[in-house]
Structures are given as C-alpha cells and as structure tokens.
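Residue-level structure breakdown
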Amino acid sequence: MADGVASLLALDVPQNGGYMVAAYIVAAVILVGYAVSLYRRSRDR
Amino acid sequence: MTLAQRGRWVTFTGLVLLALVYVRALVFTPTEATQGLAQKIYYIHVPAAVWAETSMIFIGLASVFFLFLKDPRLDRFAEASAQVGVIFATVVLTTGPIWGKPIWGTWWTWDARLTLTLLLLFIYLGYLVLRGAITDPGLRARYSAVIGICGLVLVPFIHFSVLMFRTLHPQPIVLKPSAPSLPGVMLVTLLFSFGAFTILYIGFVMQTYSIVLANETRVDG
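Below: a short report on this structure.

Quick notes on the rules
Residues numbered from 1 in each chain as written. Chains lettered and ligands numbered in written order. Predicted model: local features only at pLDDT ≥ 70, side-chain atom pairs only at ≥ 80, totals over all residues. Helix = DSSP H or I, 4+ residues; strand = E, 2+ residues; numbered from the N terminus. Buried ≥ 20, exposed ≤ 12 C-beta atoms within 10 Å, placed from the backbone. Contact = placed C-beta atoms within 7 Å. Nonpolar A, V, L, I, M, F, W, Y, C, P; charged D, E, K, R; others polar. Core = buried A, V, L, I, M, F, W, Y, C linked by C-beta atoms within 7 Å. Axes fitted to C-alpha atoms, helices over the stretch in contact; angles between N-to-C directions. Parallel < 35°, antiparallel > 145°, perpendicular 65-115°, else oblique. Left-handed = near helix turned anticlockwise from the far one by under 90°.

**Regarding the overall build of chain B**
Looking only at helices and strands, chain B has six helices and zero strands in total. Beginning at the N terminus, the succession of helices and strands in chain B can be written as α-α-α-α-α-α. Counting only C-alpha atoms, chain B reaches 60 × 40 × 30 Å along its principal axes. When burial is assessed residue by residue, chain B has 40% of its 221 residues classed as buried.

Okay, here's the thing in structure tokens:
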C-alpha cells in the first residue's frame, strides 16, 4: 500500500533532471573557465 | 602577498564553496514537488542574478563618485566589476532558459524581467567595448562612467519588473518585504550559495583589478 502511494507520488514529480544537470554544468564551466582565464592572464603579465 | 595572489586564494575558496553548494543542493536539499529537479537550478540562478545586478550597482556608484573625485581607483574598480558582471549575467541568462524550457515550455519569452536582464548584459558589453575603443584614459573614464550610471538606473527596473508588469517570471520569494516563503532547508542552501557567489565576486574583482592596473602601468610605461 505504502509502496503504491510512494510510486504514485513519484510519478507526479516532473522528470526533468537533465535540465538541472545541464544548468549546473554550464554554470561550472563559465565560472571555472573565468577563474582559469584570470589565472593565465595574471601569469602571462 | 600581492592583490592578484590574494585574489587567487579568495577565488579558490569561492570555487571550493561552490563545489560544496553543488553537493548540498543536489544531494541534501529536497526536490520540490511541482517543478521537480529543475527547481534546483534556482540555487545557482538566483545568486548569479543578485550579483549581476549588484555588480552594476557598484559600477554605477563608483562612476558617480569618480565624476566628482576623479580617483582612478574608482574607474579601475568599475572596469573590473564590469568584467565580472558579464560573467554572472551570462550565468543568469543561460541557467534561466534551461529552467524555463521544462517549466514554461519555452527557452525564451520577451517577458519584462528577461528582456531587461538581457539589456543589462548588453550594457555590460557596451561598457567594455567603449573602454576598448577609447585610448585617452580621461575621456574613457568619463564616457564609461556615464554608461555605468545608466546601468545603475536600470537595476531597480529589473528587480521590480515582476511587480510593475504582467510577467511569466516568478515573483520574489526571498527578497521581498514579508518573510521569505521558502522552506528552511532550501533557504539555507540558497544563502550558502549566495555566500559562495559573494566570495567568487570578491576574488574575481581582486584579480581583474590587478590585471587592469598592470595593463595601465604597461601602457603608461
């Protein structure tokens, strides 16, 4: 019974984890990329 | 220790904290029932938006003071803050549509909040392009200060656009007159992320400022 309710609730939650993963990767690439570019720019001086 | 070296350490600390934010948001913060996992984009989108706007506020204030005081440090700070502001505005304008697609059914709409945020990015880019185009330091500083003040005027319109216009964008749930309507565990994650983004902003600006200063010294020399 409890398993049935849990699976029904799980079905109601939208399955859109791929968008979350994409957003977190994009943000990390932008922020880490800028940090690396600053490091290289200050080393090249 | 130089400003650039200190900035590097602050940035490193910010990146470590950002990694911890990722772990907390993805593993230890519950999934919102109606939006699903896409709601977790909120924890990086909102702090980036706050710093994209705050960075422009700082540029505007530095520009106002520069026009009165003629202190070159204010001009340098404004340029450094503009370069960093572009980064945060880019994070906002990429994570926002990635959230919008599953929740609104579209990547982009010409909604007031979205359009004004895009305008903010264009002001940042215009500010930096103008600085690159003018060689005379005094003229460059004065003209870019005017753009910085225009950006400052834009920021309240961005923040209040969801109240002033009919928009798809959600209403504020934390930065509003009443208490935040976000469950405690989610609010802690958001505030933790805001702290990480704040440290990143400081580290980025310290490093960028030192690069701007070095470039000026090289040109003068």
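Back to the text.
**Structural notes on the overall build of chain A**
Looking only at helices and strands, chain A has two helices and zero strands in total. By residue count, 20% of the 45 residues in chain A fall in the buried class.

**So, the environment of Leu191 of chain B**
Note on placement: Leu191 of chain B falls in helix α6 (residues 184-220). Along the chain, Leu191 of chain B and Glu216 of chain B lie 25 residues apart, while their C-alpha atoms are 37 Å from each other.

**Quick notes on unusual backbone geometry**
Residue and element names in this part refer to chain B. Despite not being glycine, Lys70 shows a phi value in the positive range, around 60°. Among the structural elements, Lys70 can be located in the loop between α2 (42-69) and α3 (72-104). Judged by the 12 C-beta atoms lying within 10 Å of it, Lys70 falls in the exposed class.

**A word on the interface of chain B and chain A**
Taken together, the contact between chain B and chain A spans 31 residues of the former and 22 residues of the latter. Elements that contribute at least two residues to the side of chain B that touches chain A include exactly α1 (3-28), α3 and α6 of chain B. Tallied by class, the residues present in the side of chain B that touches chain A amount to 18 nonpolar, ten polar and three charged.

**Details of the nonpolar core**
Counting residues in hydrophobic clusters, the biggest one holds 60 residues, and the most contacted among them are Ala23 of chain A together with Ile41, Ile44, Ala48, Ala52, Phe88 and Val91 of chain B. The set of elements that each furnish at least two residues to this core consists of α2 (17-44) of chain A together with α1, α2, α3, α4 (112-133), α5 (137-164) and α6 of chain B. When residues of this core are assigned to their parent elements, the largest contribution, 14 residues, is made by α2 of chain B. If we ignore the near neighbours within four places in the chain, the residues touching Phe88 of chain B are Ala48, Trp51, Ala52 and Ser55 of chain B.

**Digging into the packing of α2 of chain B against α5 of chain B**
Residue and element names in this part refer to chain B. Contact geometry of α2 with α5 gives a least axis separation of 7 Å together with a crossing angle of 140°. Viewed along their axes, α2 and α5 adopt a mutual orientation that is oblique. The two elements α2 and α5 cross, and the hand of that crossing is left-handed. Counting all contacts with α2, which are made through Glu53, Met56, Ile57, Ile59, Gly60, Leu61, Ala62, Ser63, Val64, Phe66 and Leu67, the residues of α5 involved are Ala141, Ala145, Gly148, Ile149, Gly151, Leu152, Val155, Ile158 and His159. Of the residues in the contact of α2 with α5, the class split is 14 nonpolar, five polar and one charged.

**A few points about the packing of α2 of chain B against α3 of chain B**
Residue and element names in this part refer to chain B. Following both chains from N to C, one finds α2 and α3 inclined at 155°, their axes separated by 8 Å at the closest point. As far as their axial angle goes, α3 and α2 are roughly antiparallel. Crossing of α2 against α3: the hand is left-handed. The class makeup of the residues in the contact of α2 with α3 is 22 nonpolar, seven polar and one charged.

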